[in-house]
Amino acid sequence: MASTRGEHVLIAGAGPTGLCLAGELALAGVRCTVVERRTHRSRESRALGLQARTMELLDQRGLADTVLARGNVVPRLRVSVVDSPLDLGRLPSRYRHVTVLPQGETEEVLEARARELGVTIERGVTLTGCTQEGDEVVCRLESGDRRWEERAAWVVGCDGAKSRVREAMGVGFAGETYPFPIVVADVRLGAPPPEGLLVQVGRAGAVVCVAFGDGWHRVALVDPAGRWSERPVELGELRTALTGFFGRDLAPGEPRWTSRFRLHERQATAYRRGRVLLAGDAAHVHSPLGGQGLNLGLADAVNLGWKLAAVARGTLPESLLDTYEEERYPVAAGVIAATDRATRLLTSGAPPARLARWAGLSAVTGVPALHRRAVRQFSGLAVAYRGAADPHSPRGTAGHRVPDLSVRTASGADEHLHRALRAGRFVLLDQGEGDPVELPAPWDGLTTVVRGRIGAAEGPWPRCEAVLVRPDGYCAWAGPRERAAAAVAALSRRWGAAPTGAPKAAGD
Ligand SMILES: Cc1cc2nc3c(=O)[nH]c(=O)nc-3n(C[C@H](O)[C@H](O)[C@H](O)COP(=O)(O)OP(=O)(O)OC[C@H]3O[C@@H](n4cnc5c(N)ncnc54)[C@H](O)[C@@H]3O)c2cc1C
């Protein structure tokens, strides 16, 4: 007989995606439990680059300063075959750099926040399967010799590339595996390259070299002639390969983490089946050369968090959840395609490909418009949700990221959008005069209203009388304030039904 935990969400996997999602749900008052098969947090360094948009998402929850204090800031990316770097210094964001932090430390920050908000994290517990039964999902769990079942209202598989949840959903993981392995190592370099983030290209293949800022470096070698092997990465092998690429000895030593793994590019054919959903690596994997994996997972979690919370609490209709896949699937598909192009370009030794590589990189680093586009894509700032576009909102608003606008309030104080978003609610920025805007239920209970003048900012925002910002920092609607009530009613209709009334108490 399965025990039940009432109206709650069970998350499989305490990686960055699962921990971030748990924090989002708890912030919105939804009870959730994370089950994690490992008994301790992974000490693998794995992902290490947090892009500008990810830092903004973390700032929207008050976590960016903690991450920044621990990380190393790298403002440009140099590719050895061209003279100019990709310069992140002019990004329209407070975070005009990549923040370099080992994955374990990012997880530590996310776990501390989830626990503070009351999330239960059960380590040493594996989810072996799940089946939907009516309005519940029966989860099969295992810990050592113990096996049991539990019921949850919703299950999210954040259980990585080999997701059991995906398997239980009967969802495919379409894509391919590259024919060569990648070798990664975190080492001290006695004679490091001067750049903090460098792609050193060879005749065929490349090395990505990233500085942690404390003498340690991540080196990732992609060699298309490399054969798959189960043997551990040896320092001698690493040193020889690096010397081959750089033409000098970088003197690597003290390896603290090494790995040899296969590169896959795959995407789940669906992100949702009824009450079971997927996020992060469980939904998509790709070449790590673009440094996007963890960033995509966190953005999935922030997109899904407020939607699932609103549906689980009965505040907004269930069909809102369909917008999760509509919005996030194309973003991951785009990253898979872009990182695949980059990987193939870097690993081809044929003269036409080398010429194309040089010409392409010269254009991207040398032509201002192409450079601007490339750094916005790399940093995640270019992501916009087309499905969230609204014909009644000015161009470039609905579905687009809203930057950290400053708002001068009537008292003369400056409020910032990111600070207002920390409660995980919608924020209505209202620049109009007169009586406050009255929003109908349930929007009045879901929204924080900030009144005042929007300060100078890139884009259309200062010219919009009212801007409704979703809890994930994307614009839901913008326009004249007298249309705000009609606009939120239209949003409710677009999301599938009339609003379902007052929120349930947490854990009802
Ligand atoms: C060797 C390696 C190097 C990488 N390097 C980079 C990089 O440099 N840059 C980059 O951006 N990305 C990199 N990545 C990818 C990046 O680490 C992932 O994109 C990121 O970890 C995804 O987070 P996640 O939470 O979705 O999944 P994971 O981090 O995989 O977390 C999944 C969690 O679920 C747990 N779990 C699995 N199955 C179950 C189950 N059945 N029940 C309960 N718990 C379960 C796992 O133990 C794990 O803790 C690398 C990946 C690997 C493997």
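Now for a description of the structure that goes with this document. Predicted model, so just to flag it, every value in this text is computed and none were measured. (Residues numbered from 1 in each chain as written. Predicted model: local features only at pLDDT ≥ 70, side-chain atom pairs only at ≥ 80, totals over all residues. Heavy atoms only, no water.)

## Considering the packing of aromatic side chains
- Tallied over the full model, the rule gives eight aromatic pairs.
- Taking the centre distance of 5.7 Å and the plane angle of 45 degrees together, the rings of Tyr271 and Tyr324 count as tilted. Taken together, the residues span a long stretch of sequence, with Tyr271 in the loop between strand E18 (252-268) and strand E19 (272-273) and Tyr324 in helix H8 (residues 322-347) at a distance of 53 residues.
- In this structure Tyr271 comes out as buried when scored by relative accessible area, which is 0%.
- Ring geometry for Tyr271 versus Tyr329: centroids 5.6 Å apart, planes at 55 degrees, classification tilted. Of the two residues, Tyr271 is situated in the loop between E18 and E19 and Tyr329 in helix H8; the sequence distance between them amounts to 58 residues.
- Cluster of aromatic residues (ring-pair linked, three or more members): Trp306, Phe426, Trp443 and Trp495.
- If you follow Arg146 out to its NZ or CZ, it ends over the ring of Trp148, 3.9 Å from the centre.
- It is Arg275 that lies over the ring of Trp154; its NZ or CZ is 4.4 Å from the centre. (Phe/Tyr/Trp six-rings, centres within 6.5 Å; stacked < 30°, edge-to-face > 60°. Helix = DSSP H or I, 4+ residues; strand = E, 2+ residues; numbered from the N terminus. Buried < 20%, exposed > 50% of the residue type's maximum accessible area, 1.4 Å probe, protein only. Lys NZ or Arg CZ within 6 Å of the ring centre and 35° of its normal.)

## Looking at a nonpolar patch on the surface
- Where nonpolar side chains cluster on the molecular surface, the patch consists of Val81, Leu355 and Trp358 and spans about 300 Å² of accessible area.
- Looking at where Val81 falls in the secondary structure, it is placed in the loop between strand E6 (76-79) and strand E7 (86-87). (Patch = residues over 30% accessible without salt bridge, like charges linked within 9 Å, V, L, I, M, F, W, Y side chains within 5 Å. Areas by Shrake-Rupley, 256 points an atom, 1.4 Å probe, with all protein chains shown as cover. Salt bridge = Lys/Arg side-chain N within 4 Å of Asp/Glu carboxyl O.)

## What about helix H13 (residues 484-494)?
- Those residues of H13 not exposed but buried are Ala484, Ala487, Val488, Leu491 and Ser492. Buried residues of H13, seen end-on, are gathered within an arc of 145 degrees and therefore sit on one face of the element.
- Against helix H12 (443-446), strand E27 (466-469) and strand E28 (475-479) lie the buried residues of H13.
- Looking one or two residues beyond H13, the residue adopting positive phi is Gly496, at roughly 115 degrees. (Arc of directions from axis to C-beta. Contact = heavy atoms within 4.5 Å.)

## Focus: the site of the ligand
- Near the ligand lie 30 residues; those nearest to it are Thr17, Glu36, Gln103, Leu127 and Asp281.
- Bound to the protein, the ligand loses 89% of the 1000 Å² it would expose on its own.
- The greatest single-element share of the shell around the ligand, amounting to three residues, is contributed by E18.
- The residue inventory of the shell around the ligand, partitioned by class, reads eleven nonpolar, eleven polar and eight charged.
- When residues are assigned to domains, the shell around the ligand turns out to be shared by domain 1 (3-48 + 102-172 + 269-345) and domain 2 (175-264), each giving three or more. (Near = heavy atom within 4 Å. Nonpolar A, V, L, I, M, F, W, Y, C, P; charged D, E, K, R; others polar. Domains from an automatic or database assignment.)

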